[in-house]
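What follows is each chain in one-letter form.
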2 protein chains.
Amino acid sequence: MKLSEKKRLAILDAAEALFYKSGVEHTSMDQIAAQAGASKRTVYNHFATKDELFHAILARMLANINNDEVISFDQNTAIEQQLTAIAEQEVRLLTSANFLRIAKIAFMQMLLQPELAQSLANNSMGCMRYLEPFLQDANSAGVLDIDEVDVAAKQFVYQLKSFVFYPLLYGFESAKHQQPELVIKQTVALFLARYKAA
Amino acid sequence: MKLSEKKRLAILDAAEALFYKSGVEHTSMDQIAAQAGASKRTVYNHFATKDELFHAILARMLANINNDEVISFDQNTAIEQQLTAIAEQEVRLLTSANFLRIAKIAFMQMLLQPELAQSLANNSMGCMRYLEPFLQDANSAGVLDIDEVDVAAKQFVYQLKSFVFYPLLYGFESAKHQQPELVIKQTVALFLARYKAA
DNA sequence: GAAAAACTACACTCAATAGTTTACTTTACG
DNA sequence: CGTAAAGTAAACTATTGAGTGTAGTTTTTC
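As the structure is a computational prediction, the values presented were derived from the model and not from experiment.

## Observations concerning the relation of the copies chain A and chain B
Overlaying chain A on chain B yields an RMSD of 0.1 Å, the required transformation being a rotation through 180 degrees with an accompanying axial translation of 0.0 Å. Both chain copies can therefore be described as sitting about a two-fold axis. Most of the interface of chain A is mirrored in chain B, where 100% of its interface residues are also at the interface.

Printed below as a string of structure tokens:
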């Protein structure tokens, strides 16, 4: 790899780590340069402004996230098992260091810049990419009985986010770990109690 | 009211509004003084540092929140109706301008200062003050059938927060209003499907 | 191996902002 | 009314941090 590329990556890595630790506002370009092992001038040669650097990080992180396999409804597998698989995948995403890092950085900025929230909200992630079609198919197959598929999908995902993601994001319960398996079990149970076809 | 008290309130009001709009970091003490109609020196006579002012605001807001009536389980009223009442009260809290203001200010800081998150997390608010005993009583009366009351209480409240609070907090869906009645109906329905005693 | 591109150290400008000092005016109150 | 408490305006200090300019060194590329 060329030196120029190595520096660029080092700068992105350094900025990401510092933004995560201290927030964008509390991180100076001098700190970033120092942590990256680059001169400040080099930082500015790669990224004209701090804001440009911030958006480059956001873009890189978003690109690294959506890699999970799409799960489609399968007539021949128990619905409980399929929903559990989806939940497991989602919990893995929501609790990954990668995702938490981007989330914390992004959420901080979103509270300050509503327009950023808008643009990120449209970017649907994780199982929200495919959950509605999945539920629709299960509906058609007579396995589930859902009136409003969009609401049901949100109910499912929001349970997971509320139990595993937000507590980690905000640092509630730093010591007491939520048992992911328990959360998944409870979420699937709640969902099926409501929507499993009679 | 004495001038001194009036100034103190004006400063708190101004700081609250500005912290809400721009975040604590992006609000200067000069701005606060100007908006409060006070001299900067007066601001510093009331609050020695910006941080002290921030905590004074937090304290005032917290004091203004927990005022809602506690709802206790009533043997003679349908459980659906009682849960709906609780949900309505909670949604009113979660969508009130007051609560959203403190939440936005506090959440921003929480992302930066995990220890603040710890101290605020303990401060349980809204219906979380009384929901677990309520469910326990309903359990004992044979109206509900819940294994883990703490999990169930969270499931209930998290639904409401996810649908009405977080979207407003982060400015997702600024235009498209979530219908609060619909959210309440769906939440109660989901909960009772799972936990209503046979 | 030489020209071009990229990196470095470091001094610099410029603006913002927390908090202070001072000299003076207004308000509260016995 | 007179004194003490509180408020005011405005200049001031000191620091921080974004971004630039420069002169010289290293890396890439042809």
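Okay, back to it.
## What about empty space enclosed by the protein?
In the structure shown here, the tally under the stated rule is three cavities of 30 Å³ or more. Of the voids in this model, the largest cavity is the one considered here, and its volume is about 140 Å³. Lining the largest cavity are 15 residues; nearest its centre among them are A:Glu25, A:Leu112, B:Glu25, B:Met108 and B:Leu112. For the lining of the largest cavity, the elements supplying multiple residues, two or more each, are α6 (97–112) of chain A together with α6 (97–112) of chain B.

## Some thoughts on the domain arrangement of chain A
Residue and element names in this part refer to chain A. In terms of domain boundaries, chain A breaks down into domain 1 (3–62) and domain 2 (67–195). Its C-alpha centre places domain 1 at a distance of 31 Å from the equivalent point of domain 2. Taken residue by residue, the interface counts 10 residues in domain 1 and 13 residues in domain 2. Summing both sides of the interface, domain 1 and domain 2 together bury roughly 1,200 Å²; the carbon and sulfur share of this comes to 76%. Sorting the residues of domain 1 by area buried against domain 2 places Tyr20, Met61 and Leu62 first, and these three jointly supply 46% of that buried surface.

## Focus: the interface of chain A and chain B
By convention, interface size is frequently given as the accessible area that disappears when the constituent parts associate. Each partner contributes to the interface: chain A provides 36 residues, whereas chain B provides 36 residues. Interface of chain A and chain B: buried area, both sides summed, is about 3,700 Å²; carbon and sulfur atoms make up 62% of it. If you sort the residues of chain A by the area they bury against chain B, A:Leu111, A:Tyr170 and A:Leu190 come out on top, with a joint share of 19%. Linking chain A with chain B are zero salt bridges. For the pair chain A and chain B, the interface holds 11 residue pairs in polar contact (both at pLDDT 80 or more). Put simply, the parts of the chain that give the side of chain A that touches chain B at least two residues each are α6, α7 (114–122), α9 (149–170) and α10 (180–195) of chain A. Take the side of chain A that touches chain B: its biggest share by element is 10 residues, from α9(A). Residue classes in the side of chain A that touches chain B are distributed as 19 nonpolar, 11 polar and six charged.

## Regarding the protein's contact with DNA strand C
Taken together, 19 residues surround DNA strand C, and among them A:Thr42, B:Met29, B:Lys40, B:Arg41 and B:Lys50 come closest. Among atoms of DNA strand C positioned within 4 Å of the protein, sugar and phosphate together represent 69%. The backbone of B:Met29 places a nitrogen or oxygen atom 2.7 Å from a phosphate oxygen of DNA strand C. Between B:Lys50 and DNA strand C, the recorded distance is 2.8 Å, taken from a side-chain N or O atom to a phosphate oxygen.

## Things to note about the packing of aromatic side chains
For the coordinates displayed, the defined rule picks out 20 aromatic pairs over all chains. Seen in terms of ring centroids, A:Phe99 and A:Phe165 are 5.5 Å apart; in terms of plane orientation they differ by 55 degrees. Their pairing is tilted. Here A:Phe165 lies in helix α9 and A:Phe99 lies in helix α6, a separation of 66 residues in the sequence. Taken individually, A:Phe99 and A:Phe165 each receive the classification buried, so the pair is uniform in this respect. Geometrically, the ring pair formed by A:Tyr166 and B:Tyr166 is stacked, given 4.0 Å between the ring centres and 10 degrees between the ring planes. Separated into two different chains, A:Tyr166 in helix α9 and B:Tyr166 in helix α9 (residues 149–170) make up a pair that spans both. Grouping residues by exposure puts A:Tyr166 and B:Tyr166 together as buried. Through pairs of rings, three or more aromatic residues link up here, namely A:Phe99, A:Phe107, A:Phe165, A:Tyr166, A:Tyr170, B:Phe99, B:Phe107, B:Phe165, B:Tyr166 and B:Tyr170. Stacked on the ring of A:Tyr20, the Lys or Arg A:Lys104 has its end atom at 4.6 Å from the ring centre.

## Thoughts on the protein's contact with DNA strand D
Of all residues adjacent to DNA strand D, which total 19 residues, the nearest are A:Met29, A:Lys40, A:Lys50, B:Lys7 and B:Thr42. Among all atoms of DNA strand D positioned within 4 Å of the protein, those belonging to sugar or phosphate total 71%. Within the contact set of DNA strand D, a phosphate oxygen lies 2.8 Å away from a backbone nitrogen or oxygen of A:Met29. Here B:Thr42 contributes a side-chain N or O atom positioned 2.6 Å from a phosphate oxygen of DNA strand D. Broken down by class, the residue content of the surface near DNA strand D amounts to five nonpolar, eight polar and six charged.

Analysis parameters
- Residues numbered from 1 in each chain as written.
- Chains lettered and ligands numbered in written order.
- Predicted model: local features only at pLDDT ≥ 70, side-chain atom pairs only at ≥ 80, totals over all residues.
- Heavy atoms only, no water.
- Least-squares fit on C-alpha atoms with pLDDT ≥ 70 in both.
- Contact = heavy atoms within 4.5 Å.
- 1 Å grid on protein atoms, 1.4 Å probe; cavity = no way out; pocket = protein on both sides within 12 Å on 5 of 7 lines; lining within 4 Å.
- Points joined across faces, edges and corners; volume = space filled by probe spheres on them.
- Helix = DSSP H or I, 4+ residues; strand = E, 2+ residues; numbered from the N terminus.
- Domains from an automatic or database assignment.
- Buried area = accessible area lost by both parts, 1.4 Å probe.
- Salt bridge = Lys/Arg side-chain N within 4 Å of Asp/Glu carboxyl O.
- Polar contact = N/O pair within 3.5 Å; in protein donor to acceptor, adjacent residues only side chain to side chain.
- Nonpolar A, V, L, I, M, F, W, Y, C, P; charged D, E, K, R; others polar.
- Near = heavy atom within 4 Å.
- Phe/Tyr/Trp six-rings, centres within 6.5 Å; stacked < 30°, edge-to-face > 60°.
- Buried < 20%, exposed > 50% of the residue type's maximum accessible area, 1.4 Å probe, protein only.
- Lys NZ or Arg CZ within 6 Å of the ring centre and 35° of its normal.

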